Structure formats: structure tokens, C-alpha cells
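Residues per chain, in single letters:
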Amino acid sequence: MDNVKGHFIVFEGIDGSGKTTQINLLQRRIEENNFICHITKEPTGRPVGSLLRQCLAGSIQTDELTLAALFAADRLDHILNDDDGLLKKLQEGISVISDRYILSTYAYQSVKVPFNWVMDLNSMAAGKIHPDCHIFIDTDPVTALRRISEGRPGTELFENEKRLTDVRDRYFELFDKFKDTENIIVIDGTKSIGKISDEIWENVSKYFTRKGDA
């Protein structure tokens with residue numbers, strides 16, 4: 001692993017799980033504790049990520065294997081680019097919250113393509129930086145799709161009940177697979193926004209307590 005000074009927290013969950021709301025609330029709490037906090041997401045807004053977003057929106061047609069490769073390429077650029085790359089931020093002592101990271105690719109892409117191939121694609125990224133924790137907000141697909149329909153006019157490629165159900169199941173398979181190597185925190189997404197936020201903070205506040213404050 002490359003030497004980092006900042007903390008790296010990743011939010012996971014199926015589309016419509018409420019990640020964005022909780023990420024913003026967590027950033028506020030981190031900054032209230034006088035830590036610099038940078039929010040980012042995948043796919044990114046950089047060239048490969050922008051291409052991916054067009055594919056997900058349906059404006060560019062492609063296959064599942066190509067999508068998996070694009071996600072891996074976008075992640076490496078997300079980590080390594082010299083403008084606002086994750087590695088640069090973390091080495092500077094800036095804490096980073098990312099909306100999705102490697103577990104998203106494992107869960108979403110391995111529904112349709114071989115899991116070991118997806119892992120191999122992302123092996124370089126996995127070796128560069130490692131999250132302090134993965135926060136998974138668990139929401140059932142029906143509720144998630146209702147939130148999506150209320151929040152925006154259309155849906156993206158994977159936003160259907162069958163795919164989201166498969167993805168949610170795959171996430172829990174991954175949690176069992178990586179239980180000894182990854183710090184995975186599962187949060188009940190049916191709770192109120194405030195209770196979810198409080199539970200997340202209970203789990204991550206230890207990273208944002210300066211010596212002498214505890």
C-alpha cells in the first residue's frame with residue numbers, strides 16, 4: 001500500500017439506498033471536528049467516468065465485459081490522477097469519502113461477468129489504497145426504486161428490480177467472503193435519516209478524534 005495520512009471511507013449500497021444524503025451529513029460532522037474532508041464518487045467526472053455515465057444512461061451501447069473494464073480504468077484514474085486523485089489527497093492528509101469503490105464493481109459487474117476476472121481487473125487499484133471502512137446502507141430494491149422515481153425522471157442501466165435484487169444478494173456474499181480482510185459496516189437503511197447518520201458516526205468518529213480529545 002502507498003503511504004497515506006488521511007482516512008478513506010467508502011459508502012456502498014444499491015442505487016437509491018440514500019448514500020448521497022448520508023455522505024453529506026458525515027462530511028459536515030468530520031469538518032466540525034476540524035478535519036479536511038473531500039467527497040468524491042464513482043464513476044468519476046473525468047474522461048473514462050464520463051464515458052461510463054453515458055453508457056449507464058443508455059446513450060452509448062456497450063456490453064457487460066467492456067463496462068467492467070471501463071469501471072476498472074476509471075478507478076485507476078480516480079486513484080492516480082495528479083489533479084484530485086485519491087492517492088494525492090490521502091497522502092496530503094486529507095480524508096476522503098467516496099460514493100462507491102471496488103466492492104461496487106465486484107457486486108454489480110460479477111452478476112453478469114466472471115467474478116475472478118473482475119477481481120483481476122481491479123487488483124492494481126486494490127493494492128494502491130485500502131479503505132478504513134466500507135459503509136453499506138442496506139435498502140430493499142422496491143424502496144430504492146421508489147426513491148429513484150421520486151428523485152429524477154429516468155432510470156439508468158442497472159436500475160431495475162431484478163438487477164438490484166441480484167446486486168444486493170451479491171453484496172452480502174462479498175461481505176462473507178471478505179469478512180476477515182475488510183472493515184464492512186452494514187447499516188439498516190429503513191431507519192430515519194438522523195438515526196442512520198448517528199450510527200455511522202458512532203462507527204467512524206474514532207478516526208476523527210485528535211490525540212488528547214478522547
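See the structure shown above.
Now for a description of the structure that goes with this document. (Residues numbered from 1 in each chain as written. Predicted model: local features only at pLDDT ≥ 70, side-chain atom pairs only at ≥ 80, totals over all residues. Heavy atoms only, no water.)

## Quick word on the packing of aromatic side chains
- Summed over the entire model, instances satisfying the criterion amount to 11 aromatic pairs.
- Pairing Y106 with F115 gives two aromatic rings, centres 5.5 Å apart and planes at 75°, and the pair type is edge-to-face.
- For F115, a relative accessible area of 18% puts it in the buried group.
- Summarising the aromatic geometry, the rings of F136 and Y171 are spaced 4.8 Å apart at their centres and angled 50° between planes, so their arrangement reads as tilted. Of the two residues, F136 sits in strand β4 (residues 133-138) while Y171 sits in helix α9 (residues 161-177), which places them 35 residues apart along the sequence.
- Given a relative accessible area of 0%, Y171 falls into the buried group.
- Taken together, the ring pairs connect F35, W201, Y207 and F208 into an aromatic cluster.
- Taking NZ or CZ as reference, R75 lies 5.5 Å from the ring centre of Y101, over its face. (Phe/Tyr/Trp six-rings, centres within 6.5 Å; stacked < 30°, edge-to-face > 60°. Buried < 20%, exposed > 50% of the residue type's maximum accessible area, 1.4 Å probe, protein only. Helix = DSSP H or I, 4+ residues; strand = E, 2+ residues; numbered from the N terminus. Lys NZ or Arg CZ within 6 Å of the ring centre and 35° of its normal.)

## Brief notes about the layout of surface pockets
- Of the volumes computed, that of the largest pocket is approximately 770 Å³.
- Lining the largest pocket are 33 residues, with D15, G16, K19, T20 and D99 positioned closest to its centre.
- Elements represented by at least two residues in the lining of the largest pocket include exactly α1 (19-32), α2 (47-57), α5 (102-109), α8 (141-151) and α10 (193-204).
- Partitioning the lining of the largest pocket into residue classes produces 10 nonpolar, 11 polar and 12 charged.
- Quantified by volume, the second largest pocket comes out at close to 180 Å³.
- Lining the second largest pocket we find 13 residues, and of these I102, Y106, A126, H130 and E182 sit closest to its centre.
- No other element matches the three residues that α5 contributes to the lining of the second largest pocket.
- The residue makeup of the lining of the second largest pocket, split by class, is nine nonpolar, three polar and one charged. (1 Å grid on protein atoms, 1.4 Å probe; cavity = no way out; pocket = protein on both sides within 12 Å on 5 of 7 lines; lining within 4 Å. Points joined across faces, edges and corners; volume = space filled by probe spheres on them. Nonpolar A, V, L, I, M, F, W, Y, C, P; charged D, E, K, R; others polar.)

## Description of α10
- Here α10 spans 17 Å end to end across 12 residues, near enough to the 16 Å set by a 1.5 Å rise per residue.
- Residues I196, S197, I200, W201 and V204 constitute the buried set of α10. Buried residues of α10 fall within an arc of 135° about the axis and therefore sit on the same side. Away from its buried face by more than 90 degrees, α10 exposes K195 and E202.
- The elements touched by buried residues of α10 are β1 (8-12), α1, β4 and β5 (184-188). (Expected span 1.5 Å × (residues − 1). Arc of directions from axis to C-beta. Contact = heavy atoms within 4.5 Å.)

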